[in-house]
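Architecture at a glance
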Amino acid sequence: MKRRTFLAAAAVLGAAGGLTACGSGDSPSSTGGNGGGQELSKDTKAELTMFYWDKAQTPTVEANIAAFNKEYPNIKVTPSVAVYKDYWQKLRTQAEGNQLPDVFWMNGPNFQLYASNGMLAELTDLADVEWGSYPSALVDLYTFDNKKYGVPKDYDTIACFVNKAVFEKAGLTIPTDGWTWDEHREAIKKIKESGATWGAVVDFASSQTSYYNTIHQAGGFVLKDGKSGFDDPKSIEGIQYLRDLLTDGSVPAPEVVSDSKADALFMNGDVGLLWGGSWLTKPLREKFTGDEIVVVPLPKKEKEATIIHGLSYAASAKSKNLAAAKALVKFMTNKAANETEAKNGTAIPAFKDTQQVWLDQAPSWQLDVFTKAAEAYAVPYPVSKNTTAWAEKETVLSDVFTGKSDAATVCAKLAAEVNALLEKE
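Residues numbered from 1 in each chain as written. Predicted model: local features only at pLDDT ≥ 70, side-chain atom pairs only at ≥ 80, totals over all residues. Heavy atoms only, no water.

1. A look at the sheet that holds strand β2 (residues 75-82)
What the five strands build is an open sheet, ordered β2-β1-β3-β15-β6; its pairing is mixed. Each edge of the open sheet carries a strand with a single partner, namely β2 and β6 (151-152). Bridge count between strand β1 (residues 46-53) and β2: eight bridges; the pairing is parallel. Residue W53 lies in a different strand from β2, and its bridge partner there is A82. Across the face of the sheet, helix α2 (residues 58-71) comes into contact with β1, β2, β3 (103-106) and β15 (312-315) while running at roughly 170° to β2. Running at roughly 45° to β1, helix α13 (residues 322-332) makes contact with β1, β2, β3, β6 and β15 of the sheet. (Pairing = 2+ DSSP bridges. Helix = DSSP H or I, 4+ residues; strand = E, 2+ residues; numbered from the N terminus. Contact = heavy atoms within 4.5 Å. Axes fitted to C-alpha atoms, helices over the stretch in contact; angles between N-to-C directions.)

Written out as structure tokens, the structure is:
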């Protein structure tokens, strides 16, 4: 895409986060960085800007910058944080003015748009980066045209948070690995019948925590070889399963979840289970401080499946201090930085064997369900060069979930619209 097309596409990116960094520093430019070009040392002087969202992760960011400055004391890093809803708007504005921050967070849905338009520095040549120590699905997520443009910092998968007392009241045993859709459906029916407000809570507006998972569990797909899979019979089966749960009355309607939020409904204490991401662990721990909760895998149909997504650190291709920017990316994603990430508890660190501290925040909760899923059966979040353009079309699925139309009809229409947009990329 030409730059004007990029800006037009970026204008619709409303599904990401916020960035408020200034432009790059004024030091002489370099063409490489820790894997090609300028060699850095303790005497290297440079100024870098870094942009991210999620204020809750500020302690992690600041601690890792401080550690970076012990190795490179003369490289000044100025971090800036924005709320998620503003992040991509601000990043787009900076892209328009060729003033992207030197280093910034990148997510899957927006990655290919920026990478395909030359906005991101290639990181394939970063020296000493242990690519094999990150989940392969995440490394692939931030690879474009066989070149790497992001180093993973964290990841999340989806599972079920189970309220053990609610299950016991309904006379049910706690689910185990390999439980099925049929077992899940019958269990949450019984929980509702036992007097609970809801058997389970699923956020139907969140593709990542709901239908992307059931589509793959049924053997379907969202995106493959540049084509939509929404009209595949298996994908339709995945959508229909969620509609069946609504028909049973054992899960709240989409409008109820929209008003109250899925995790808040679960925190009321009389809901059997919550379909949720690993990122909910820390806020749930503030409500459930003991061993009331246990995590179990999502139920399966044809196979087990969970969507995996994670953030990466990226560098601007036009950074005036590219060598220093690449060094910062590498440092913010190494093993020590991931160990710091784990202590914060907000996300599962991506680097292999650094997750234990995150797991230890609730030893009885079986949080390793999330990490085992990443290794065994996780499916990468579906992305293309302009993910948000076609993902916005998925709102039509609400017609299925509210009973206005049947799954086959809606999915056929959705697939046609998604394919039309994919052909324009």
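2. Here's the deal with the packing of aromatic side chains
What the rule picks out here adds up to 22 aromatic pairs. Through a chain of ring-to-ring contacts, three or more aromatic side chains come together here, namely F51, Y52, W53, Y84, Y87, W88, W105, Y114 and Y313. Over the ring of F221 we find K224, and its NZ or CZ is 4.4 Å from the ring centre. (Phe/Tyr/Trp six-rings, centres within 6.5 Å; stacked < 30°, edge-to-face > 60°. Lys NZ or Arg CZ within 6 Å of the ring centre and 35° of its normal.)

3. Overview of unusual backbone geometry
The backbone phi angle of D54 is positive, close to 80°, even though this residue is not glycine. The partly exposed category is assigned to D54, whose relative accessible area is 26%. With phi around 65°, D353 is a residue other than glycine that occupies positive phi space. Structurally, the position occupied by D353 is in the loop between β16 (348-349) and α15 (356-359). Classification of D353 by relative accessible area gives exposed; the value is 60%. (Buried < 20%, exposed > 50% of the residue type's maximum accessible area, 1.4 Å probe, protein only.)

4. With respect to the confidence of the model for the chain
Of all residues in the chain, 91% have pLDDT values of 70 or greater, and the mean over the chain is 90. Segment residues 1-9: pLDDT under 50, and 18 contacts once partners within four positions in sequence are set aside and those in other chains are kept. The low-confidence segment residues 11-37 (pLDDT under 50) makes 113 contacts with residues lying over four places distant or belonging to another chain. (pLDDT = per-residue confidence, 0-100.)

5. Focus: the sheet that holds strand β8 (residues 158-163)
If you walk across this open sheet you meet the four strands as β9-β12-β8-β13, and the pairing is mixed. Looking at strand neighbours, the two that pair on one side only are β9 (198-201) and β13 (293-296), the edges of this open sheet. Across the sheet, the axes of successive neighbouring strands diverge by a mean angle of 20°, strand direction being ignored. With four bridges joining them, β8 and β13 adopt antiparallel strand pairing. Residue V162 lies in a different strand from β13, and its bridge partner there is V294.

6. Quick look at the side chain of R92
Structurally, R92 is set in helix α3 (residues 84-96). Engagement of the side chain of R92 in a polar contact is seen with the side chain of E96, the distance being 2.7 Å. (Polar contact = N/O pair within 3.5 Å; in protein donor to acceptor, adjacent residues only side chain to side chain.)

7. Focus on the pattern of salt bridges
What the rule picks out here adds up to twelve salt bridges. Notably, a salt bridge pairs E302 with K234, separated by 3.3 Å at the nearest N-O pair. On the criterion of sequence distance, the pair formed by E302 in the loop between β13 and β14 (306-308) and K234 in helix α9 (residues 233-248) is long-range, its members being 68 residues apart. For E237, the salt bridge goes to K301, with nearest N and O atoms at 3.9 Å. (Salt bridge = Lys/Arg side-chain N within 4 Å of Asp/Glu carboxyl O.)

8. Things to note about the environment of A127
Structurally, A127 is set in the loop between α4 (108-116) and α5 (136-141). Among the residues examined, A127 registers a relative accessible area of 30% and is labelled partly exposed. For A127 and K326, which are 199 residues apart along the polypeptide, the C-alpha to C-alpha distance reads 9.9 Å.

9. Quick word on the environment of S258
Following the sequence through the fold, S258 ends up in helix α10 (residues 254-260). Along the chain, S258 and F204 lie 54 residues apart, while their C-alpha atoms are 9.1 Å from each other.

10. Some details on the side chain of T371
Structurally, T371 can be placed in helix α16 (residues 368-376). Taking the relative accessible area as the measure of exposure, T371 reaches 8% and is therefore buried. Those residues in contact with T371 that lie beyond four places of it in its chain are Y155, I348, Q355 and L359.

11. Brief notes about the domain arrangement of the chain
Partitioning the chain into structural domains gives domain 1 (46-155 + 310-360) and domain 2 (157-308 + 369-423). The distance between the C-alpha centroids of domain 1 and domain 2 comes to 29 Å. Between domain 1 and domain 2, the contact holds 19 residues from the first and 16 residues from the second. Taken together, the two surfaces of domain 1 and domain 2 that pack against each other cover about 1500 Å², and 66% of this comes from carbon and sulfur. A per-residue breakdown of the area domain 1 buries against domain 2 is headed by P109, Q112 and Y155, which together make up 33% of the total. On inspection of domain 1 and its partner domain 2, the count reaches four residue pairs in polar contact (both at pLDDT 80 or more). Take the side of domain 1 that touches domain 2: its biggest share by element is six residues, from α4. (Domains from an automatic or database assignment. Buried area = accessible area lost by both parts, 1.4 Å probe.)

12. What about helix α14 (residues 335-344)?
Note on helix geometry: an α-helix contains 3.6 residues per turn, so any two residues three or four positions apart are oriented the same way. Within α14 the residues assigned to the buried category are A337, N338, E341, A342 and N344. Buried residues of α14, seen end-on, are gathered within an arc of 155° and therefore sit on one face of the element. Contacts from the buried residues of α14 go to α2, β7 (154-155), α12 (281-287), α13, β16 and α15. Sitting at the head of α14, N334 places a side-chain oxygen 3.3 Å from the backbone nitrogen of A336. Residue G345 follows α14 closely and has a positive phi angle near 85°. (Arc of directions from axis to C-beta.)

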